[in-house]
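Coordinate analysis (summary)
Single-letter residue listing:
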Amino acid sequence: MTLPKQSRVVKIAQHGGPEVLTPDMADTPTPAHGEVLIKVAYAGVNRPDALQRAGLYNPPAGASPLPGLECAGEVVALGAGVTDWAVGDQVCALLPGGGYAEYVVTPAAHCLPVPDNMTLKQAGCLPETFFTVWSNVFQRGGLQAGERFLVHGGSSGIGTTAIQLAKAFGARVFTTAGSDDKCAACVALGAEQAINYRDSDFVEVMRAAGGADVILDMVGGSYMQRNLKALADDGRLVQIAFLQGMKAELNMVQLMTRRLTMTGSTLRPQSDLAKARIAADLREKVWPLLAAGKVAPVMDQEFALDDAAAAHARMESSAHIGKIVLRVGG
């Protein structure tokens, strides 16, 4: 295949709102040692993309300055040392950046096969949320079958993924959402109870149920202390974002006397090796569930690559349920 010297991208013209996302042309990247070049069919849209656009989440050293942390497409070139993939393979991949483009490079070890019976559009929405949920809920949070699990923002891409995976592995799933329609969607995915946070106090609901063994939170702010109250003794709070603020006052007596654990992570800054280990775990333990149709991404809306600004506006409106995707070459 003859690759173009330049190809279509969406760049961040300056830090700001969705309108700063601008279609442009850029040099087609070349895969380095251990990397593959992917011709992108679909790219997922995620909250970290919006944070980067706003100037609040810089890409790691050496990564593309373009937004986009996941994609699905076709491998069209191999860097030196790559033996696990071949030109022509269809993959989905976690990216260090650069997904809002016709071509993107990423470490070969961060690619996964498109699950059987799944479209490239669906596969383009898998890596960011599945890597995040698996590494935080199961690896860091240690969620076990029979435990009570609470995920905030259950109708988001992270939330819909967390509900399904926790249910598939035998946990009792609770969630919060901001409307009755969103709550109904969460219950349809497997949540035992969906709490409309505009009408009910999730702390009271969870304490009545015996407390949460694991909570996955991306709200932060005032939710931090409330999360501790909602945990069962020996419970684990896993923080992955802080939409309501990164600082809060905590009562450390609760943490100590009830043997609570607070942890958290961000995915993008982790080492290539750490991400490769998550990918291997997903391939072994989660990809069979996707291939069998027991778990699937919840799809919201599709936008053309050049309409990335509209995709960001929809995400930031919080009207969506599930994943928003950009059609690049599919």
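Scroll up a little and you will see the structure.
Criteria and cut-off values
- Residues numbered from 1 in each chain as written.
- Predicted model: local features only at pLDDT ≥ 70, side-chain atom pairs only at ≥ 80, totals over all residues.
- Heavy atoms only, no water.
- Helix = DSSP H or I, 4+ residues; strand = E, 2+ residues; numbered from the N terminus.
- Rg over C-alpha atoms; globule rule 2.2 N^0.38 Å.
- Buried < 20%, exposed > 50% of the residue type's maximum accessible area, 1.4 Å probe, protein only.
- Contact = heavy atoms within 4.5 Å.
- Lys, Arg positive; Asp, Glu negative; His and termini not counted.
- Charge placed at Lys NZ, Arg CZ, Asp CG, Glu CD.
- Polar contact = N/O pair within 3.5 Å; in protein donor to acceptor, adjacent residues only side chain to side chain.
- Axes fitted to C-alpha atoms, helices over the stretch in contact; angles between N-to-C directions.
- Parallel < 35°, antiparallel > 145°, perpendicular 65-115°, else oblique.
- Core = buried A, V, L, I, M, F, W, Y, C linked by side-chain atoms within 4.5 Å.
- Pairing = 2+ DSSP bridges.
- Phe/Tyr/Trp six-rings, centres within 6.5 Å; stacked < 30°, edge-to-face > 60°.
- Expected span 1.5 Å × (residues − 1).
- Left-handed = near helix turned anticlockwise from the far one by under 90°.
- Nonpolar A, V, L, I, M, F, W, Y, C, P; charged D, E, K, R; others polar.
- Salt bridge = Lys/Arg side-chain N within 4 Å of Asp/Glu carboxyl O.

**Some words on the overall build of the chain**
In terms of regular secondary structure, the chain is built from eleven helices and 15 strands. Here the chain has a C-alpha radius of gyration of 20 Å; the compact-globule value for 330 residues is 20 Å, and the two agree. Projecting the C-alpha coordinates of the chain onto the three principal axes gives extents of approximately 60 × 40 × 35 Å. Here the chain, with 330 residues, has 54% of them falling under the buried criterion. Sequence-distant contacts in the chain: of pairs separated by 6 or more residues, those separated by 24 or more amount to 67%. For the chain, the separation between the mean place of its 29 positive charges and that of its 32 negative charges on side chains is 3 Å.

**Some points on the side chain of Thr106**
If you trace the backbone, Thr106 turns up in strand S6 (residues 103-107). Relative accessible area serves as the criterion here: at 0%, Thr106 is assigned to the buried category. A polar side-chain atom of Thr106 sits 2.7 Å from the main-chain carbonyl oxygen of Leu94. The contact partners of Thr106, leaving out residues within four places of it in the chain, are Glu35, Val36, Ile38, Ala93, Leu94, Leu95, Pro96 and Cys111.

**A word on the packing of helix H3 (residues 127-140) against helix H9 (residues 272-285)**
Interhelical geometry of H3 versus H9 gives an angle of 90 degrees and a closest axis separation of 10 Å. When the axis of H3 is compared with that of H9, the two are roughly perpendicular. The segment H3 lies against H9, with Phe130, Phe131, Trp134, Ser135 and Gln139 engaging Lys275, Ile278, Ala279, Asp281, Leu282 and Lys285.

**Focus on the nonpolar core**
Judged by nonpolar contacts, the single largest core of 43 residues is most densely connected at Phe149, Leu216 and Leu282. Per-element tally for this core: the top contributor is H3, with six residues. Setting aside its immediate chain neighbours within four residues, Leu282 contacts Leu112, Phe130, Phe131, Trp134 and Trp287. By size, the runner-up hydrophobic cluster in this structure holds 29 residues, among which are Val36, Val45, Ala50 and Leu305.

**A look at helix H7 (residues 223-230)**
Among the eight residues of H7, six are classified as buried, and the element is accordingly described as predominantly covered. Those residues of H7 not exposed but buried are Tyr223, Met224, Gln225, Asn227, Leu228 and Ala230. Against the buried residues of H7 lie helix H6 (202-208), strand S11 (212-217), strand S12 (231-239), helix H8 (252-257) and strand S13 (261-264).

**A closer look at the sheet that holds S11**
If you walk across this open sheet you meet the six strands as S10-S9-S8-S11-S12-S13, and the pairing is parallel. Looking at which strands have only one partner, the edges of the open sheet turn out to be strand S10 (193-196) and S13. Averaged over all pairs of adjacent strands, the angle between strand axes in this sheet comes to 20 degrees, irrespective of strand direction. Direction of pairing for S11 relative to S12: parallel, over a ladder of five bridges. By the bridge assignment for S12, Ile215 is matched with Leu237. In the packing of helix H4 (residues 157-168) onto the sheet, the strands contacted are strand S8 (148-151), strand S9 (172-177) and S11, and the crossing angle to S8 comes to about 170 degrees.

**Topic: the packing of aromatic side chains**
Within the structure shown, the criterion is met by five aromatic pairs. Aromatic pair Phe202 and Tyr223: ring centres 5.1 Å apart, planes at 45 degrees, arrangement tilted. Linking Phe202 in helix H6 with Tyr223 in helix H7, this pair joins segments that are 21 residues apart in sequence. Of the two residues, Phe202 and Tyr223, both sit in the buried class.

**Regarding H9**
For H9, built from 14 residues, the straight-helix expectation of 20 Å at 1.5 Å per residue is met to within 8% by its first-to-last C-alpha distance of 20 Å. Against the buried residues of H9 lie strand S5 (90-94), strand S7 (111-113), H3 and helix H10 (287-291).

**Quick look at the packing of H3 against H4**
Two elements in contact, H3 and H4, have axes separated by 9 Å at closest approach and are oriented at 55 degrees. Judged by the inter-axis angle, H3 sits oblique to H4. Seen along the crossing, H3 lies across H4 with a hand that is right-handed. Residues Thr129, Phe130, Thr132, Val133 and Phe138 of H3 touch H4, and the partners they reach there are Gly157, Ile158, Thr161, Ala162, Leu165 and Ala166. The residue inventory of the contact of H3 with H4, partitioned by class, reads seven nonpolar, four polar and no charged.

**Here we look at the pattern of salt bridges**
According to the stated counting rule, one finds 14 salt bridges in the structure shown. With a shortest N-O distance of 3.0 Å, Lys11 and Asp24 are connected by a salt bridge. Residue Lys11 is located in strand S1 (residues 6-12), and its partner Asp24 is located in strand S2 (residues 21-27); the two are separated by 13 residues in the primary sequence. Taking the relative accessible area as the measure of exposure, Lys11 reaches 33% and is therefore partly exposed. Here Asp24 falls in the partly exposed class, since its relative accessible area comes to 30%. For the salt bridge of Lys121 with Glu302, the shortest nitrogen-to-oxygen distance reads 2.9 Å. One end of the pair, Lys121, is in helix H2 (residues 120-123); the other, Glu302, is in strand S14 (residues 299-304), with 181 residues separating them in the sequence.

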